[in-house]
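# A closer look at the structure
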Amino acid sequence: MPDPAPEWLVEHGIGESRALLVEGDDVLAAKLRWRGDLPAGSRTTGLLVSKPKGRTRGLARLDNGTEVMVDRIPERVTEGSPVPILITRAAIAERGRFKRAQGRILDLREDDSTHTDNIFVSADCVRRLPAGEWEDIWHAASSGEVEFPGGSLLFSVTPAMTLIDIDGDLSPRELALAAVPAIARWLPLFDLGGSIGIDFPTLQAKADRKAVDAALEEALADFPHERTAMNGFGFVQIVARLEGPSLLHRFATSRVGMAARMALRRAEMVEGPGLTLLTVHPALKAKFKPEWLAELERRTARTLRVETDPALAIEAATAQIVPHDD
């Protein structure tokens with residue numbers, strides 16, 4: 001029998017939706033969308049509030065007050081006009097600044113079926129993603145480190161780019177080549193885009209650098225991107241389409257929010273009669289929205305009790321079923 005074609009599976013959680021691209025037993029990519037996001041592929045309308053003279057780029061304001069940078073503004077459209085908008089990049093929070101969402105004036109004939117948002121609309125919805133797969137990706141993004149045979153990748157999010165440092169005990173050439181499959185695997189699992197810098201071990205021989213470039217070429221064949229050749233210091237830059245915050249960006253700017261949503265997922269997945277006892281760090285309890293807790297009780301048909309433990313790590317929430325109080 002032929003191998004099954006890759007398919008997106010979507011789990012609509014509390015406060016967020018999660019998606020995995022699955023091929024047989026392998027997970028190829030992951031995506032995350034928070035409720036209230038304006039993701040790439042969204043169609044919306046707004047008022048054009050700024051259009052510098054002679055330019056096709058300006059600023060639109062949506063009904064809820066959200067501002068979106070828009071381009072491809074037709075010459076006939078003036079400030080104050082309502083405009084249909086296709087979101088091309090979600091807003092991204094970074095340390096010290098906030099990047100508005102980006103969009104373009106919508107051509108109603110345009111096919112936007114490849115955008116991220118359509119995955120969450122049209123993919124197969126499941127009650128639970130394959131056991132352990134989302135958790136493994138989530139914990140890797142939380143730590144910013146993944147291991148591979150002979151070494152590890154260390155991911156750091158900066159305003160300019162996402163940096164990948166390679167560490168290990170192998171010889172420089174062996175370590176660089178061993179890291180390539182792991183890089184190719186984790187770029188889509190973290191949903192990384194934009195500018196990505198890879199700091200390989202310094203390779204003195206030009207032949208060694210060419211060998212790594214060839215390995216990257218093959219490993220990233222299915223990952224749309226542009227890439228520089230390795231320079232003499234072992235640095236490679238990748239530029240890929242950026243549609244919104246990666247899982248690494250979410251943790252870098254909203255770690256408590258990520259942990260709060262994961263805590264609710266854990267509480268939703270425990271089973272049995274009784275009430276749900278969710279124990280969290282105090283910062284998480286303050287992050288819970290009343291509607292999230294109400295939805296958790298509705299989904300589980302159990303009463304929820306939230307307790308706090310300041311000794312718990314932010315990411316270490318626990319959930320269990322306990323007998324009802326008398």
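Residues numbered from 1 in each chain as written. Predicted model: local features only at pLDDT ≥ 70, side-chain atom pairs only at ≥ 80, totals over all residues. Heavy atoms only, no water.

## With respect to empty space enclosed by the protein
Per the counting criterion, the structure on display carries 2 cavities of 30 Å³ or more. Taken as a whole, the second largest cavity encloses approximately 30 Å³ of empty space. Lining the second largest cavity are Glu11, His12, Gly13, Arg18, Arg127, Arg265, Glu268, Met269 and Arg299. If you tally residues by element for the lining of the second largest cavity, the top one is helix 5 (residues 247-269), at 3 residues. (1 Å grid on protein atoms, 1.4 Å probe; cavity = no way out; pocket = protein on both sides within 12 Å on 5 of 7 lines; lining within 4 Å. Points joined across faces, edges and corners; volume = space filled by probe spheres on them. Helix = DSSP H or I, 4+ residues; strand = E, 2+ residues; numbered from the N terminus.)

## Details of the environment of Val68
Residue position: Val68 is located in strand 6 (residues 67-71). Taking relative accessible area as the criterion, Val68 reaches 0% and is therefore assigned buried. With 22 residues separating them in the primary sequence, Val68 and Ala90 have C-alpha atoms 9.3 Å apart. (Buried < 20%, exposed > 50% of the residue type's maximum accessible area, 1.4 Å probe, protein only.)

## Examining the side chain of Glu268
Looking at where Glu268 falls in the secondary structure, it is placed in helix 5. Within polar-contact distance, the side chain of Glu268 engages the side chain of Arg299 at 3.1 Å. (Polar contact = N/O pair within 3.5 Å; in protein donor to acceptor, adjacent residues only side chain to side chain.)

## Examining the packing of aromatic side chains
Applying the stated criterion to the full structure yields 3 aromatic pairs. For the ring pair Trp138 and Phe251, a centre distance of 5.1 Å and an interplane angle of 70 degrees mean the geometry is edge-to-face. One end of the pair, Trp138, is in helix 2 (residues 133-143); the other, Phe251, is in helix 5, and 113 residues separate them in sequence. Residue Trp138 shares its accessibility class with Phe251, and that shared class is buried. (Phe/Tyr/Trp six-rings, centres within 6.5 Å; stacked < 30°, edge-to-face > 60°.)

## Remarks on the sheet that holds strand 19 (residues 304-308)
Strand order in the open sheet made by the 3 strands is 19-18-20, with mixed pairing throughout. Each edge of the open sheet carries a strand with a single partner, namely strand 19 and strand 20 (318-322). Along the sheet, successive strands turn relative to each other by an average axial angle of 25 degrees, direction set aside. By the bridge criterion, 5 bridges tie strand 18 (residues 275-280) to strand 20 in an arrangement that is antiparallel. By the bridge assignment for strand 20, Thr279 is matched with Thr318. (Pairing = 2+ DSSP bridges. Axes fitted to C-alpha atoms, helices over the stretch in contact; angles between N-to-C directions.)

## A look at the nonpolar core
Ranked by internal contacts, the top residues of the largest apolar core, which has 49 residues, are Trp134, Leu153, Phe155, Ile166, Leu187, Phe190 and Phe200. Ranked by the residues each element gives to this core, the list is headed by helix 3 (residues 172-189), at 10 residues. Listed in part, the 16 residues of the second largest apolar core include Ile14, Ala259, Leu264 and Phe288. (Core = buried A, V, L, I, M, F, W, Y, C linked by side-chain atoms within 4.5 Å.)

## Remarks on the sheet that holds strand 7 (residues 82-89)
Read once around its circumference, the closed barrel built from 5 strands follows the order 4-5-6-10-7, with strand pairing classed as mixed. The sheet shows a mean angle of 50 degrees between the axes of neighbouring strands, direction not considered. Here strand 4 (residues 43-50) pairs with strand 7 via 5 bridges, running antiparallel. Bridge pairing links Arg43 to Leu86 in strand 7.

## Observations regarding the pairing of strand 13 (residues 151-157)
Counted residue by residue, strand 13 has 5 buried out of 7 residues, so it is predominantly covered. By the bridge criterion, 4 bridges tie strand 12 (residues 145-148) to strand 13 in an arrangement that is antiparallel. For Val146, the partnering residue across the bridge sits in strand 13 and is Leu153. Once strand 12 ends, the chain turns through 2 residues before running back antiparallel as strand 13, passing Gly150 with a positive phi of about 100 degrees. Pairing of strand 13 with strand 14 (residues 162-168), which is carried by 7 bridges, proceeds in the antiparallel orientation. Residue pairing across strands places Leu153 opposite Ile166, the latter belonging to strand 14. Counting the residues between successive antiparallel strands, the hairpin from strand 13 to strand 14 contains 4 residues.

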